[in-house]
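Residue-level structure breakdown
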Amino acid sequence: MDVNARMFEGSQIRLAPIDYEKDAEIESRWTHDLDFLRRMGARPGRPLSVAQVKKAYEQLEKDMEKKSVYHFTIRLREDDRLIGFVQIHWIEWSHSTGHVKIGIGDPQDRGHGYGTQAMQLLLNLAFNELNFHHLSASVVEDNPQGLRFLLKLGFVEEVRRRQALLRQGRRLDIIHLGLLQSEWSQS
Amino acid sequence: MNGQHLQGKLVRLCSPADAESMGKAWSRWSQDMDYYRSLDSDPPRFFSAKFIKDEEEKNQEKVDTGSFFFTVRTVQEDRLIGFTALWEISWPHGEAFVSIGIGEPEYRGRGYGTEAMQLTLEYAFEELNLWRVSLFVFESNLRGIRSYEKCGFVREGVIRQAMRRDGRRWDWYLMGVLRPEWQALQAAQPET
């Protein structure tokens, strides 16, 4: 039996480490896109300078060293261009659980299946390498594409945190989804 | 309004006690697995009263608007019996998570915790002006679930098999209460 030497390669993308020199400038640009930041979480969006992004990378890598986060950049295989990131955080090792998150920064890079490939690689890592039992993910109710994306990967809706967000005067639910190792099929 | 917002019939919400008393109480309570395993999914570790006292001294120096911590004391004997905390407060969205622990076993199952939670919700909705309060509870914590339901919390979903303990998997529930729901409950059960 061979080892799976391609566990971080999809057909068009691969998972890779951070490149401080190339990536910080691109990520700084993404932090100026409030629509993107609103999909990434509940915290107020805040534009970050290139230097601030680099500082955030340093903190992220410290957390990776402690194994409280697994973070990967997503790069196109053809030209190595950074298009996004995937990560597992909120890891509870004694219970084999974690929470996954994905971001594709540029709207033009969405809808090509890059995110699906990246998430399949991440799920393979989570279930076959880290031996997690349950993974969670969350999405805001005003993001039906995000919800469809997670449902297609096999996640099921577990919780509706009612009216947990206030956006432009509207109260929105946060939908929490979950995927068990036993439910995950590697197709 | 009765002018005693942090006080009920059985308990009142207070500031942290001095670090030494907190260290002693916390260290003793944490050895009670009925308490600890209802409160935390982290595998138990025992810390000395001294270690907790030192940590508490550091905590009490910080002013942190991301969380609010209260000790729970009995009205009658002014005895320290537990704590409540609002944490992970999201100011833009008006949400907080709440935790509660009644460390002294003889005060469990007698309404002390429920009243402490009600006072904490009153503080969250009327002082902090939050919109919703959330909590996680383990499916094994039936006493907690009953108490939270009395306070107006609704089960919003099940995080399946989120915890492994004693050779099996346990679900977590996420519960939440919205300000209008809490207000309706207050109107239906006027404080006497």
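Residues numbered from 1 in each chain as written. Chains lettered and ligands numbered in written order. Predicted model: local features only at pLDDT ≥ 70, side-chain atom pairs only at ≥ 80, totals over all residues.

The next point concerns the overall build of chain A. Within chain A, the regular secondary structure consists of 5 helices and 7 strands. Starting at the N terminus and walking to the C terminus, you meet the elements of chain A as β-α-α-α-β-β-β-α-β-α-β-β. Projected onto the principal axes, the alpha-carbon positions of chain A cover approximately 55 × 40 × 35 Å. Put simply, chain A has 187 residues, and 31% of those count as buried. (Helix = DSSP H or I, 4+ residues; strand = E, 2+ residues; numbered from the N terminus. Buried ≥ 20, exposed ≤ 12 C-beta atoms within 10 Å, placed from the backbone.)

Looking only at helices and strands, chain B features 6 helices and 7 strands. Beginning at the N terminus, the succession of helices and strands in chain B can be written as β-α-α-α-β-β-β-α-β-α-β-β-α. Whereas a compact globule of 192 residues would reach a radius of gyration of roughly 16 Å, chain B reaches 17 Å, a difference of no more than 12%. Summarising its shape, the C-alpha atoms of chain B cover approximately 45 × 40 × 35 Å along the three principal directions. Here chain B holds 192 residues, and 33% of them are scored as buried. Put simply, 59% of the contacts in chain B that link residues at least 6 apart link residues at least 24 apart. (Rg over C-alpha atoms; globule rule 2.2 N^0.38 Å. Contact = placed C-beta atoms within 7 Å.)

With 22 residues of chain A at the contact, the number on the chain B side is 22 residues. When contributions to the side of chain A that touches chain B are tallied by element, the ones reaching two or more residues are strand E5 (134-140), strand E6 (156-167) and strand E7 (170-180) of chain A. Here the element with the most residues in the side of chain A that touches chain B is E6(A); it accounts for 9 residues.

The subject of this paragraph is the nonpolar core. Among the nonpolar cores identified, the biggest contains 36 residues, and B:Val72, B:Ala116, B:Leu121, B:Ala124, B:Val133 and B:Val177 are the most heavily contacted of them. At the level of secondary structure, the elements contributing two or more residues to this core comprise strand E1 (11-14), strand E2 (68-74), strand E3 (80-90), strand E4 (95-102), helix H4 (112-127), strand E5 (132-138), strand E6 (154-165) and strand E7 (168-178) of chain B. Per element, the largest residue contribution to this core is 7 residues, and it comes from H4(B). Residue contacts for B:Ala124: discarding those within four places in its chain leaves B:Leu86, B:Ala96, B:Leu130 and B:Val133. A:Tyr70, A:Val100, A:Tyr114 and A:Phe132 belong to the second-largest nonpolar core, a separate cluster that totals 35 residues. (Core = buried A, V, L, I, M, F, W, Y, C linked by C-beta atoms within 7 Å.)

Before going further, it helps to spend a moment on helix H1 (residues 19-29) of chain B. Note: α-helices contain 3.6 residues per turn, so residues at a spacing of three or four share the same orientation. Buried residues of H1(B): B:Met22, B:Gly23 and B:Ala25, and no others. Buried residues along H1(B) sit against helix H3 (49-61) and E3 of chain B.

Relative to the assigned elements, B:Ile89 resides in strand E3. Beyond its immediate stretch of four places on either side in the chain, B:Ile89 contacts B:Gly66, B:Ser67 and B:Ala96.

Right, let's talk about unusual backbone geometry for a bit. At A:Asp80, a position not held by glycine, the phi torsion is positive, near 65°. By the secondary structure assignment, A:Asp80 is in the loop between strand E2 (70-76) and strand E3 (82-92). Of note, the phi angle at B:Glu88 is positive, near 50°, even though the residue is not glycine. Its place among the elements puts B:Glu88 in strand E3. Take B:Glu88: there are 13 C-beta atoms within 10 Å of it, and that puts it in the partly exposed class.

A few words now on the packing of H1(B) against H3(B). Residue and element names in this part refer to chain B. At a minimum axis separation of 8 Å, H1 and H3 run at an interaxial angle of 130°. Put simply, H1 runs oblique to H3. Two packed elements cross with a definite hand, and for H1 against H3 that hand is right-handed. In this structure, H1 uses Ala19, Glu20, Met22, Gly23, Lys24, Trp26 and Ser27 to contact H3, whose residues at the interface are Ala49, Lys50, Ile52, Lys53, Glu56, Glu57 and Gln60. Each residue belonging to the contact of H1 with H3 can be placed in one class, and the counts come to 5 nonpolar, 3 polar and 6 charged. (Axes fitted to C-alpha atoms, helices over the stretch in contact; angles between N-to-C directions. Parallel < 35°, antiparallel > 145°, perpendicular 65-115°, else oblique. Left-handed = near helix turned anticlockwise from the far one by under 90°. Nonpolar A, V, L, I, M, F, W, Y, C, P; charged D, E, K, R; others polar.)

Bringing the environment of B:Glu149 into the picture now. Within the secondary structure layout, B:Glu149 lies in helix H5 (residues 142-150). For the pair B:Glu149 and B:Thr114, spaced 35 residues apart in the sequence, the C-alpha separation amounts to 9.5 Å.

This part covers the pairing of E5(A). It is a general feature of regular strands that their side chains alternate between the two faces of the sheet. Residue and element names in this part refer to chain A. For E5, the buried fraction is high: 6 of the 7 residues fall into the buried class. Pairing of strand E4 (residues 97-104) with E5, which is carried by 3 bridges, proceeds in the parallel orientation. Looking at E5, one finds that Thr97 is bridged to His134. For the segment spanning E4, helix H4 (residues 114-129) and E5, crossover handedness is right-handed. As paired elements, E5 and E7 share 7 bridges and run antiparallel to each other. Note that in E7 the partner of Val140 across the bridge is Ile174. (Pairing = 2+ DSSP bridges. Right-handed = clockwise from strand over helix to strand, strands pointing away.)

Let us look at the pairing of E3(A). All names here are of chain A. Both E2 and E3 contribute to a ladder of 6 bridges, which runs antiparallel. The residue of E3 that forms the bridge with Tyr70 is Ile88. Count of turn residues in the E3/E4 antiparallel hairpin: 4 residues, of which Ser96 carries a positive phi of about 55°.

Residue and element names in this part refer to chain A. Orientation of helix H1 (residues 20-30) relative to helix H3 (residues 50-65), taken along the N-to-C sense of each, is 115°, at an axis distance of 8 Å. Regarding H1 and H3, the two cross each other, and that crossing is right-handed. On H3, the residues that touch Tyr20, Ala24, Glu25, Glu27 and Ser28 of H1 are Val50, Val53, Lys54 and Tyr57. Tallied by class, the residues present in the contact of H1 with H3 amount to 5 nonpolar, 1 polar and 3 charged.

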